[in-house]
Amino acid sequence: AENVGAGQRSSEDGVGQGGRPGCTDPGRAADGTESEWLPERRDTQVTRQPGALRVARCKFFSLTETPEDYTIIVDEEGFLELPSSEHLSVADATWLALNVVSGGGGFSSSQPIGVTKIAKSVIAPLADQNISVFMLSTYQTDFILVRERDLPFVTHTLSSEFTILRVVNGETVAAENLGITNGFVKPKMVQRPVIHPLSSPSNRFCVTSLDPDTLPAVATLLMDVMFYSNGVKDPMAAGEDCGHIRFFSFSLIEGYISLVMDVQTQQRFPSNLLFTSASGELWKMVRIGGQPLGFDECGIVAQISEPLAAADIPAYYISTFKFDHALVPEENISAVISALKVSQAEKH
């Protein structure tokens, strides 16, 4: 098992049979007869740095660009390679990457389950137990990051529904004593937290992947897209009218690459290198938060994922240092906004 440091909050995401919605390459299956909870422990830190980045040969790395800044999720090995800088803000605590799979637990035989499929069984119970989560959806799977100190409460909350496993040196083994809380259980929340404003940029996004062997061929382009194409970051950008925004996410986790970009950025890449859905499915974004969300508030992802799960709408969910982002199929965006507004009105 390894550790991951990140942020917080939670999320959900639906998926089509045999992979991500509409995907033709191996990915994630939608349904499974037996679900298991895999705490993939990986020491990771969630950081924000408005400048360039040097990355070690770590196994868990994700960088997401928003109009405000960059969010970096990296394991401890990679974090130690980051240069110290007054511009680098680091979230407190160490975070663990958790992953729900079906079919036995081993990575070779199991399939991850999409976030909207676990809204009621995972996301909502964690929110009700006042456990803060940080969400990272990739092309291949969804990671739910929780503070390491909360792991006993997480496993205690979920053990009635899931078999708890650990990944140790690539091997899946039964987890022992992860649910021990010394008799103390966090108080259940009576009411969910503050309702946050929603916005939907005009961008149309695609979620893609890339063969790691072709990464050198696009390394210069990736560097340009991530760091040199869009000028200086504006911390006040969130207060501006939400039209077309800058959003780009790159993850390299256990050798698998995931990319989230808008259509204009995708056109800069050689078309024969990117894995895309056979249907050419595009996604629209719902951005959560008017002011920075912080890392202690619980239930933010649940507020978004539960209405989507009720409507059976798939979603990718990416938490960043200041805001959350849900990606839903383009044709569902109007229904999603309406459903979320109705849900928010009911909670007031």
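- The name an unreviewed UniProt entry assigns to the protein chain is Cytosolic arginine sensor for mTORC1 subunit 2, from the organism Gulo gulo.
- Word for word, the UniProt comment on the protein chain under Subcellular location (unreviewed entry) is "Cytoplasm, Cytosol".
- According to the UniProt record, the Sequence similarities (unreviewed entry) comment for the protein chain is "Belongs to the GATS family."

### Considerations on helix α3 (residues 151-158)
Next, step 1: In terms of residue burial, α3 counts as a mostly covered element, since 6 of its 8 residues are buried.
Next, step 2: Of the positions making up α3, those classed as buried are Leu 151, Phe 153, Val 154, Thr 155, Thr 157 and Leu 158.

### Observations regarding the nonpolar core
Next, step 1: Judged by nonpolar contacts, the single largest core of 37 residues is most densely connected at Val 122, Ile 144 and Tyr 317.
Next, step 2: The element contributing the most residues to this core is helix α6 (residues 300-310), with 5 residues.
Next, step 3: Core analysis: the next-biggest nonpolar cluster, separate from the first, contains 26 residues, Cys 58, Ile 257, Leu 259 and Phe 269 among them.

### Looking at unusual backbone geometry
Next, step 1: Its identity as a non-glycine residue notwithstanding, Glu 254 has a phi of 50 degrees, on the positive side.
Next, step 2: Tracing the chain through its elements places Glu 254 in the loop between β13 (248-253) and β14 (256-262).
Next, step 3: In this structure, Asp 312 takes a positive phi of about 55 degrees despite not being glycine.
Next, step 4: When you line up the elements, Asp 312 lands in the loop between α6 and β17 (316-319).

### Remarks on the packing of helix α2 (residues 119-128) against α6
Next, step 1: One way to put it is that α2 packs onto α6 with a least axis distance of 9 Å and a crossing angle of 155 degrees. The orientation of α2 relative to α6 falls into the category roughly antiparallel. Where α2 crosses over α6, the handedness of that crossing is left-handed. Of α6, the residues touching α2 (which contributes Ala 119, Ile 123, Ala 124 and Ala 127) are Val 301, Ala 302, Ser 305, Glu 306 and Ala 309.
Next, step 2: Classifying every residue of the contact of α2 with α6 gives 7 nonpolar, 1 polar and 1 charged.

### Notes on the side chain of Thr 66
Next, step 1: Position of Thr 66 among the secondary structure elements: in the loop between β2 (60-65) and β3 (70-75).
Next, step 2: We classify Thr 66 as buried; its relative accessible area is 1%.
Next, step 3: Within the structure, Thr 66 has its side chain in polar contact with the side chain of Glu 68 (distance 3.0 Å).

Thresholds applied
- Residues numbered from 1 in each chain as written.
- Predicted model: local features only at pLDDT ≥ 70, side-chain atom pairs only at ≥ 80, totals over all residues.
- Heavy atoms only, no water.
- UniProt positions renumbered as here; feature names shortened; annotations may be inferred.
- Buried < 20%, exposed > 50% of the residue type's maximum accessible area, 1.4 Å probe, protein only.
- Helix = DSSP H or I, 4+ residues; strand = E, 2+ residues; numbered from the N terminus.
- Core = buried A, V, L, I, M, F, W, Y, C linked by side-chain atoms within 4.5 Å.
- Axes fitted to C-alpha atoms, helices over the stretch in contact; angles between N-to-C directions.
- Parallel < 35°, antiparallel > 145°, perpendicular 65-115°, else oblique.
- Left-handed = near helix turned anticlockwise from the far one by under 90°.
- Contact = heavy atoms within 4.5 Å.
- Nonpolar A, V, L, I, M, F, W, Y, C, P; charged D, E, K, R; others polar.
- Polar contact = N/O pair within 3.5 Å; in protein donor to acceptor, adjacent residues only side chain to side chain.

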